[in-house]
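Each chain, letter by letter, is given below.
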Amino acid sequence: MQFQWYPGHMTKAKRMMQENIKLIDIVIELVDARIPFGSRNPDIDQLAQNKSRLILLNKTDLADSRKTELWEQYFRDRGFFVGKVNSQKGTGVKAVQGIVMEACREKIERDRKRGIKNRPIRAMIAGIPNVGKSTFINSLAGKACTKTGNKPGVTKGKQWIKLNKNIELLDTPGILWPKFEDQTVGLHLALIGSIKEEILNQEEMAMELIPFLVKEYPGILAARYRVEEEKNTLKILEQIAANRNCKEKGNQLDYEKAAHILLEEYRNGKLGKITLEVPADFEG
(Lines give C-alpha, C1' and ligand atoms only; values in the text may rest on other atoms or scores of the structure.)
Protein backbone atom coordinates (compact mmCIF):
# COMPACT_ATOMS: atom_id res chain seq x y z
CA MET A 1 0.00 0.00 0.00
CA GLN A 2 1.19 3.52 -0.78
CA PHE A 3 0.29 6.24 1.69
CA GLN A 4 0.25 9.91 0.75
CA TRP A 5 -0.82 13.15 2.36
CA TYR A 6 -2.25 15.97 0.30
CA PRO A 7 -1.76 18.81 2.75
CA GLY A 8 -2.48 21.94 0.74
CA HIS A 9 -2.01 24.16 3.77
CA MET A 10 1.11 22.54 5.26
CA THR A 11 3.28 25.48 4.14
CA LYS A 12 0.85 27.99 5.62
CA ALA A 13 0.79 26.18 8.99
CA LYS A 14 4.58 25.99 9.06
CA ARG A 15 4.94 29.68 8.25
CA MET A 16 2.40 30.55 10.93
CA MET A 17 4.36 28.53 13.48
CA GLN A 18 7.62 30.24 12.46
CA GLU A 19 6.01 33.67 12.94
CA ASN A 20 4.61 32.77 16.36
CA ILE A 21 7.52 30.83 17.81
CA LYS A 22 9.44 33.95 18.89
CA LEU A 23 6.57 34.86 21.24
CA ILE A 24 6.59 31.43 22.86
CA ASP A 25 8.37 30.02 25.93
CA ILE A 26 7.34 26.39 25.54
CA VAL A 27 6.06 24.17 22.74
CA ILE A 28 3.63 21.46 23.84
CA GLU A 29 3.51 18.69 21.26
CA LEU A 30 0.60 16.29 21.33
CA VAL A 31 1.27 12.78 19.97
CA ASP A 32 -0.86 9.64 19.83
CA ALA A 33 0.38 7.18 22.48
CA ARG A 34 -0.31 4.25 20.12
CA ILE A 35 2.19 5.60 17.55
CA PRO A 36 4.34 8.21 19.34
CA PHE A 37 6.94 8.37 16.57
CA GLY A 38 4.59 8.20 13.59
CA SER A 39 2.29 10.91 14.94
CA ARG A 40 5.04 13.53 15.20
CA ASN A 41 6.09 16.09 12.63
CA PRO A 42 9.91 16.26 12.54
CA ASP A 43 9.78 19.94 11.49
CA ILE A 44 8.73 20.86 15.04
CA ASP A 45 12.19 19.95 16.37
CA GLN A 46 13.77 22.45 14.01
CA LEU A 47 11.11 25.14 14.48
CA ALA A 48 11.19 24.90 18.28
CA GLN A 49 14.96 24.98 18.79
CA ASN A 50 15.99 26.75 22.01
CA LYS A 51 12.47 26.49 23.46
CA SER A 52 11.33 24.35 26.37
CA ARG A 53 9.65 21.22 25.00
CA LEU A 54 6.86 19.06 26.36
CA ILE A 55 5.65 15.89 24.66
CA LEU A 56 2.18 14.78 25.71
CA LEU A 57 1.26 11.19 25.00
CA ASN A 58 -2.47 11.44 24.30
CA LYS A 59 -5.06 8.62 24.17
CA THR A 60 -3.08 6.64 26.73
CA ASP A 61 -6.30 4.75 27.56
CA LEU A 62 -5.95 3.00 24.16
CA ALA A 63 -2.21 2.33 24.41
CA ASP A 64 -0.16 -0.50 25.92
CA SER A 65 1.08 0.92 29.25
CA ARG A 66 4.35 -1.10 29.13
CA LYS A 67 5.21 0.40 25.75
CA THR A 68 4.09 3.86 26.89
CA GLU A 69 6.73 3.68 29.65
CA LEU A 70 9.39 2.92 27.03
CA TRP A 71 8.30 5.95 25.03
CA GLU A 72 8.35 8.19 28.11
CA GLN A 73 11.96 7.20 28.70
CA TYR A 74 12.82 7.59 25.00
CA PHE A 75 11.63 11.22 24.95
CA ARG A 76 13.15 12.09 28.35
CA ASP A 77 16.52 10.77 27.14
CA ARG A 78 16.25 13.28 24.28
CA GLY A 79 15.68 16.25 26.56
CA PHE A 80 11.88 16.50 26.50
CA PHE A 81 9.56 16.89 29.44
CA VAL A 82 6.85 14.22 29.12
CA GLY A 83 3.25 13.86 30.26
CA LYS A 84 0.45 11.34 29.71
CA VAL A 85 -3.12 12.43 29.04
CA ASN A 86 -6.50 11.26 27.86
CA SER A 87 -8.05 14.49 26.59
CA GLN A 88 -11.44 12.90 26.00
CA LYS A 89 -11.87 11.96 29.66
CA GLY A 90 -9.62 14.70 31.05
CA THR A 91 -7.23 12.22 32.70
CA GLY A 92 -3.80 13.73 33.36
CA VAL A 93 -4.78 17.15 31.99
CA LYS A 94 -4.61 18.95 35.35
CA ALA A 95 -1.00 17.83 35.81
CA VAL A 96 0.05 19.55 32.56
CA GLN A 97 0.20 23.02 34.10
CA GLY A 98 2.63 21.81 36.75
CA ILE A 99 4.87 20.20 34.11
CA VAL A 100 4.84 23.45 32.08
CA MET A 101 5.97 25.46 35.14
CA GLU A 102 8.71 22.91 35.86
CA ALA A 103 9.89 22.97 32.22
CA CYS A 104 10.09 26.79 32.30
CA ARG A 105 11.67 27.08 35.74
CA GLU A 106 15.01 28.38 34.43
CA LYS A 107 13.23 31.01 32.33
CA ILE A 108 11.13 32.15 35.33
CA GLU A 109 14.34 32.38 37.39
CA ARG A 110 16.06 34.44 34.65
CA ASP A 111 13.07 36.81 34.54
CA ARG A 112 13.14 37.17 38.32
CA LYS A 113 16.83 38.12 38.30
CA ARG A 114 16.09 40.76 35.68
CA GLY A 115 13.29 42.16 37.83
CA ILE A 116 10.50 40.80 35.65
CA LYS A 117 7.82 39.33 37.89
CA ASN A 118 4.49 37.69 37.20
CA ARG A 119 4.94 37.50 33.42
CA PRO A 120 2.86 34.50 32.33
CA ILE A 121 4.47 31.58 30.52
CA ARG A 122 3.37 31.50 26.89
CA ALA A 123 2.71 28.06 25.43
CA MET A 124 1.99 26.84 21.93
CA ILE A 125 0.31 23.52 21.24
CA ALA A 126 1.33 21.63 18.11
CA GLY A 127 0.07 18.37 16.70
CA ILE A 128 -0.84 16.55 13.51
CA PRO A 129 -4.49 16.14 12.43
CA ASN A 130 -6.71 13.86 14.53
CA VAL A 131 -4.29 13.69 17.42
CA GLY A 132 -6.86 15.36 19.70
CA LYS A 133 -5.46 18.90 19.85
CA SER A 134 -8.81 20.73 20.01
CA THR A 135 -10.17 18.35 22.63
CA PHE A 136 -7.01 18.79 24.68
CA ILE A 137 -7.13 22.61 24.47
CA ASN A 138 -10.80 22.60 25.55
CA SER A 139 -10.05 20.18 28.37
CA LEU A 140 -7.03 22.18 29.57
CA ALA A 141 -8.73 25.57 29.30
CA GLY A 142 -12.07 24.44 30.71
CA LYS A 143 -15.14 26.64 30.75
CA ALA A 144 -13.49 29.32 32.87
CA CYS A 145 -10.91 30.29 30.25
CA THR A 146 -10.82 33.92 29.17
CA LYS A 147 -9.57 35.02 25.79
CA THR A 148 -7.25 37.90 26.46
CA GLY A 149 -7.47 39.26 22.92
CA ASN A 150 -4.64 40.64 20.87
CA LYS A 151 -1.42 41.54 22.61
CA PRO A 152 0.86 44.34 21.47
CA GLY A 153 3.33 42.99 18.95
CA VAL A 154 1.15 40.03 18.09
CA THR A 155 -0.29 39.81 14.60
CA LYS A 156 -3.95 40.79 14.52
CA GLY A 157 -6.33 37.89 14.91
CA LYS A 158 -4.20 35.68 17.14
CA GLN A 159 -6.02 34.69 20.29
CA TRP A 160 -4.43 34.07 23.65
CA ILE A 161 -6.24 31.95 26.19
CA LYS A 162 -5.43 32.80 29.80
CA LEU A 163 -5.36 29.51 31.71
CA ASN A 164 -4.47 31.24 34.98
CA LYS A 165 -2.16 34.02 36.11
CA ASN A 166 0.85 31.84 35.27
CA ILE A 167 0.13 30.43 31.81
CA GLU A 168 -1.24 31.73 28.52
CA LEU A 169 -1.93 29.52 25.54
CA LEU A 170 -1.70 30.57 21.91
CA ASP A 171 -4.84 29.42 20.13
CA THR A 172 -3.78 28.13 17.71
CA PRO A 173 -0.77 28.01 15.40
CA GLY A 174 -2.28 25.81 12.72
CA ILE A 175 -1.73 22.14 12.09
CA LEU A 176 1.46 20.54 10.88
CA TRP A 177 1.13 17.35 8.90
CA PRO A 178 3.36 14.33 9.35
CA LYS A 179 5.97 13.57 6.72
CA PHE A 180 6.70 9.96 6.09
CA GLU A 181 9.48 8.61 3.98
CA ASP A 182 8.84 5.30 5.76
CA GLN A 183 5.65 3.61 4.54
CA THR A 184 5.29 1.83 7.90
CA VAL A 185 4.60 5.22 9.49
CA GLY A 186 1.89 5.78 6.85
CA LEU A 187 0.38 2.38 7.60
CA HIS A 188 0.31 3.10 11.34
CA LEU A 189 -1.40 6.47 10.78
CA ALA A 190 -3.97 4.72 8.60
CA LEU A 191 -4.58 1.98 11.18
CA ILE A 192 -5.38 4.48 13.95
CA GLY A 193 -7.72 6.35 11.59
CA SER A 194 -5.66 9.45 10.82
CA ILE A 195 -5.90 9.09 7.04
CA LYS A 196 -9.19 9.40 5.18
CA GLU A 197 -10.87 6.03 4.84
CA GLU A 198 -12.03 6.63 1.27
CA ILE A 199 -8.51 6.43 -0.15
CA LEU A 200 -7.57 3.21 1.63
CA ASN A 201 -8.21 -0.46 1.09
CA GLN A 202 -9.65 -1.82 4.34
CA GLU A 203 -8.85 -5.44 3.52
CA GLU A 204 -5.19 -4.68 2.88
CA MET A 205 -4.99 -2.77 6.16
CA ALA A 206 -6.61 -5.64 8.06
CA MET A 207 -4.13 -8.03 6.42
CA GLU A 208 -1.31 -5.88 7.86
CA LEU A 209 -2.87 -5.60 11.32
CA ILE A 210 -3.66 -9.31 11.80
CA PRO A 211 -0.07 -10.68 11.72
CA PHE A 212 1.09 -7.83 13.97
CA LEU A 213 -1.57 -8.70 16.56
CA VAL A 214 -0.83 -12.43 16.35
CA LYS A 215 2.89 -11.78 16.98
CA GLU A 216 2.75 -8.94 19.52
CA TYR A 217 -0.56 -9.62 21.30
CA PRO A 218 -1.15 -13.38 20.97
CA GLY A 219 -4.60 -14.57 22.05
CA ILE A 220 -6.42 -11.27 21.48
CA LEU A 221 -7.94 -12.22 18.12
CA ALA A 222 -8.77 -15.73 19.31
CA ALA A 223 -10.59 -14.37 22.35
CA ARG A 224 -12.52 -11.70 20.45
CA TYR A 225 -13.38 -13.48 17.20
CA ARG A 226 -12.93 -17.21 17.97
CA VAL A 227 -10.30 -17.58 15.24
CA GLU A 228 -7.34 -19.97 15.03
CA GLU A 229 -4.30 -17.71 15.22
CA GLU A 230 -1.94 -20.33 13.82
CA LYS A 231 -3.74 -20.12 10.45
CA ASN A 232 -2.53 -17.78 7.71
CA THR A 233 -3.67 -14.14 7.65
CA LEU A 234 -6.31 -14.56 4.94
CA LYS A 235 -7.80 -17.57 6.73
CA ILE A 236 -8.03 -15.55 9.97
CA LEU A 237 -9.86 -12.74 8.15
CA GLU A 238 -12.16 -15.37 6.64
CA GLN A 239 -12.90 -16.76 10.11
CA ILE A 240 -13.67 -13.25 11.42
CA ALA A 241 -16.10 -12.80 8.50
CA ALA A 242 -17.77 -16.15 9.19
CA ASN A 243 -18.00 -15.69 12.96
CA ARG A 244 -19.36 -12.14 12.65
CA ASN A 245 -21.82 -13.19 9.93
CA CYS A 246 -20.35 -10.82 7.32
CA LYS A 247 -22.13 -11.95 4.17
CA GLU A 248 -22.62 -10.53 0.68
CA LYS A 249 -25.47 -11.36 -1.69
CA GLY A 250 -25.39 -15.01 -2.61
CA ASN A 251 -24.19 -15.88 0.90
CA GLN A 252 -20.55 -15.15 0.04
CA LEU A 253 -18.30 -14.01 2.89
CA ASP A 254 -17.78 -10.24 2.92
CA TYR A 255 -14.09 -9.70 3.65
CA GLU A 256 -14.39 -5.91 3.38
CA LYS A 257 -17.02 -5.82 6.12
CA ALA A 258 -14.95 -8.12 8.34
CA ALA A 259 -11.90 -5.89 7.82
CA HIS A 260 -13.96 -2.82 8.72
CA ILE A 261 -15.16 -4.47 11.96
CA LEU A 262 -11.59 -5.43 12.93
CA LEU A 263 -10.21 -1.93 12.27
CA GLU A 264 -13.06 -0.17 14.08
CA GLU A 265 -12.79 -2.44 17.10
CA TYR A 266 -9.03 -1.91 17.23
CA ARG A 267 -9.45 1.90 17.08
CA ASN A 268 -12.16 1.90 19.77
CA GLY A 269 -10.05 -0.12 22.18
CA LYS A 270 -12.31 -3.17 22.05
CA LEU A 271 -9.34 -5.44 21.33
CA GLY A 272 -7.51 -4.08 24.37
CA LYS A 273 -4.65 -1.61 24.83
CA ILE A 274 -2.46 -1.92 21.76
CA THR A 275 0.56 0.14 20.72
CA LEU A 276 1.94 -0.26 17.20
CA GLU A 277 5.42 1.20 17.75
CA VAL A 278 8.29 0.78 20.20
CA PRO A 279 11.38 3.01 20.37
CA ALA A 280 13.65 0.15 19.24
CA ASP A 281 11.94 0.31 15.80
CA PHE A 282 13.43 3.78 15.24
CA GLU A 283 16.88 3.49 16.79
CA GLY A 284 20.08 2.69 14.98
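Preceding block: the structure.
Only a predicted model underlies this, so the values are computations on that prediction, with no experimental measurement involved.

Student: Explain the overall build of the chain here, please?
Tutor: Regarding its fold elements, the chain presents eleven helices and seven strands. When contacts within the chain are restricted to residue pairs at least 6 apart in sequence, those whose partners lie at least 24 apart make up 70%. Carbon and sulfur atoms form 48% of the exposed surface of the chain, whose accessible area is close to 14600 Å².

Student: Would you explain the nonpolar core in this entry?
Tutor: Taken as a class, soluble globular proteins show a tendency for nonpolar side chains to be buried jointly. Within the largest apolar cluster, 58 residues are counted, with the highest numbers of intra-cluster contacts made by F136 and L262. With six residues, the single largest contributor to this core is helix α11 (residues 255-267). Sequence-distant contacts of L262, defined by excluding residues within four places in its chain, comprise A206, L209, I210, L221, Y225, I240 and L271. Membership of the second largest hydrophobic core comes to 14 residues, among which are A13, I24, L47 and M124.

Student: Sorry if this is basic, but what is going on with the pairing of strand β1 (residues 26-32) here?
Tutor: On any regular strand, side chains alternate: one points to one face of the sheet, the next to the other face. The element β1 is extensively covered by neighbouring structure, given that seven of its seven residues are classed as buried. Across the two faces of β1 the burial is the same, with I26, I28, L30 and D32 and V27, E29 and V31 all buried. Two elements, β1 and strand β2 (residues 52-58), share seven bridges in a ladder whose sense is parallel. From the neighbouring strand, I26 faces β2, where its bridge partner is S52. Note: β1 against strand β4 (residues 121-126), four bridges, orientation parallel. Across the sheet, the residue bridging to E29 is A126, located in β4.

Student: Teacher, can you tell me more about the packing of helix α8 (residues 202-216) against helix α10 (residues 233-243) here?
Tutor: How two helices sit against one another is set out by the angle between their axes and by the gap between those axes. Their axes nearest at 9 Å, the elements α8 and α10 cross at an angle of 100°. Classified by the angle between their axes, α8 and α10 sit roughly perpendicular to one another. Here A206, M207, I210, P211 and V214 of α8 lie close against α10, whose contacting residues are T233, L234, I236 and L237. Looking at the contact of α8 with α10 residue by residue, the classes come out as eight nonpolar, one polar and no charged.

Student: Quick question: what am I supposed to make of the environment of K12 here?
Tutor: Residue placement: K12 occurs in helix α1 (residues 10-21). When the C-alpha atoms of K12 and L176 are compared, they prove to be 9.1 Å apart, with 164 residues separating the residues in sequence.

Student: How should helix α3 (residues 65-77) be read in this particular structure?
Tutor: A turn of α-helix holds 3.6 residues, and therefore any two residues three or four places apart point the same way. Taking 1.5 Å per residue as the helical rise, α3 with its 13 residues ought to reach 18 Å, and the 18 Å between its terminal C-alpha atoms agrees with that figure. Among the residues of α3, those classed as buried are K67, T68, W71, E72, Y74 and F75. Each buried residue of α3 sits inside an arc of 165° when the element is viewed along its axis, so together they form one side. Seen from the buried face of α3, the exposed residues on the opposite side, beyond 90 degrees, are R66, E69 and D77. Where α3 is buried, its residues touch β2, β3 (81-84) and α8. Near the N-terminus of α3, the side chain that reaches the backbone nitrogen of R66, with its oxygen 3.0 Å away, is that of D64. Trailing α3 by a residue or two, G79 shows a phi angle of about 90°, which is positive.

Rules used in this analysis
Residues numbered from 1 in each chain as written. Predicted model: local features only at pLDDT ≥ 70, side-chain atom pairs only at ≥ 80, totals over all residues. Heavy atoms only, no water. Helix = DSSP H or I, 4+ residues; strand = E, 2+ residues; numbered from the N terminus. Contact = heavy atoms within 4.5 Å. Areas by Shrake-Rupley, 256 points an atom, 1.4 Å probe, with all protein chains shown as cover. Core = buried A, V, L, I, M, F, W, Y, C linked by side-chain atoms within 4.5 Å. Buried < 20%, exposed > 50% of the residue type's maximum accessible area, 1.4 Å probe, protein only. Pairing = 2+ DSSP bridges. Axes fitted to C-alpha atoms, helices over the stretch in contact; angles between N-to-C directions. Parallel < 35°, antiparallel > 145°, perpendicular 65-115°, else oblique. Nonpolar A, V, L, I, M, F, W, Y, C, P; charged D, E, K, R; others polar. Expected span 1.5 Å × (residues − 1). Arc of directions from axis to C-beta. Polar contact = N/O pair within 3.5 Å; in protein donor to acceptor, adjacent residues only side chain to side chain.

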